[in-house]
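Fold and geometry: a report
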Amino acid sequence: MSTLRTLVLAVLAAAALSGCVVEERSYAAPPPRCRGAAWVDGHYGPRGAWHPGHWRCPGVVEVVEVD
């Protein structure tokens, strides 16, 4: 019986101490060399795709490829 208790205790201790630690870090690329650049936070596009945060320059036309 003591072997079973030891085994159960070891499994519970391992489960309790094996938590995953995730640190969220924000990272913004350096701003581009255009005047008036603005940071756009991450967002979902019109078709539901995730777009991570990025810089946008005023007056620059962005090309969107359609599948």
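Everything below is about the structure printed above this text.
All values derive from a computational prediction rather than experimental measurement.

Glancing now at a nonpolar patch on the surface. Taken together, the side chains of Leu4, Leu7, Val8, Val11 and Leu12 present a nonpolar region at the surface, about 470 Å² in accessible area. Here Leu4 is to be found in helix α1 (residues 2-17).

So, about the layout of surface pockets. Estimated volume of the largest pocket: approximately 380 Å³. Class assignment for the residues of the lining of the largest pocket results in four nonpolar, four polar and five charged.

With respect to the element layout, Tyr44 can be found in strand β2 (residues 43-44). Accessibility expressed as a relative area gives 61% for Tyr44, which makes it exposed. Taking C-alpha positions, Tyr44 is 30 Å from Gly19, a pair spaced 25 residues apart along the chain.

Turning next to the environment of Gly19. Looking at the secondary structure, you find Gly19 in the loop between α1 and β1 (38-40). Overall, the relative accessible area of 56% leaves Gly19 in the exposed class. When the C-alpha positions of Gly19 and Trp55 are compared, they lie 36 Å apart, and in sequence the two are 36 residues distant.

Reading the values: rules and limits
- Residues numbered from 1 in each chain as written.
- Predicted model: local features only at pLDDT ≥ 70, side-chain atom pairs only at ≥ 80, totals over all residues.
- Heavy atoms only, no water.
- Patch = residues over 30% accessible without salt bridge, like charges linked within 9 Å, V, L, I, M, F, W, Y side chains within 5 Å.
- Areas by Shrake-Rupley, 256 points an atom, 1.4 Å probe, with all protein chains shown as cover.
- Salt bridge = Lys/Arg side-chain N within 4 Å of Asp/Glu carboxyl O.
- Helix = DSSP H or I, 4+ residues; strand = E, 2+ residues; numbered from the N terminus.
- 1 Å grid on protein atoms, 1.4 Å probe; cavity = no way out; pocket = protein on both sides within 12 Å on 5 of 7 lines; lining within 4 Å.
- Points joined across faces, edges and corners; volume = space filled by probe spheres on them.
- Nonpolar A, V, L, I, M, F, W, Y, C, P; charged D, E, K, R; others polar.
- Buried < 20%, exposed > 50% of the residue type's maximum accessible area, 1.4 Å probe, protein only.

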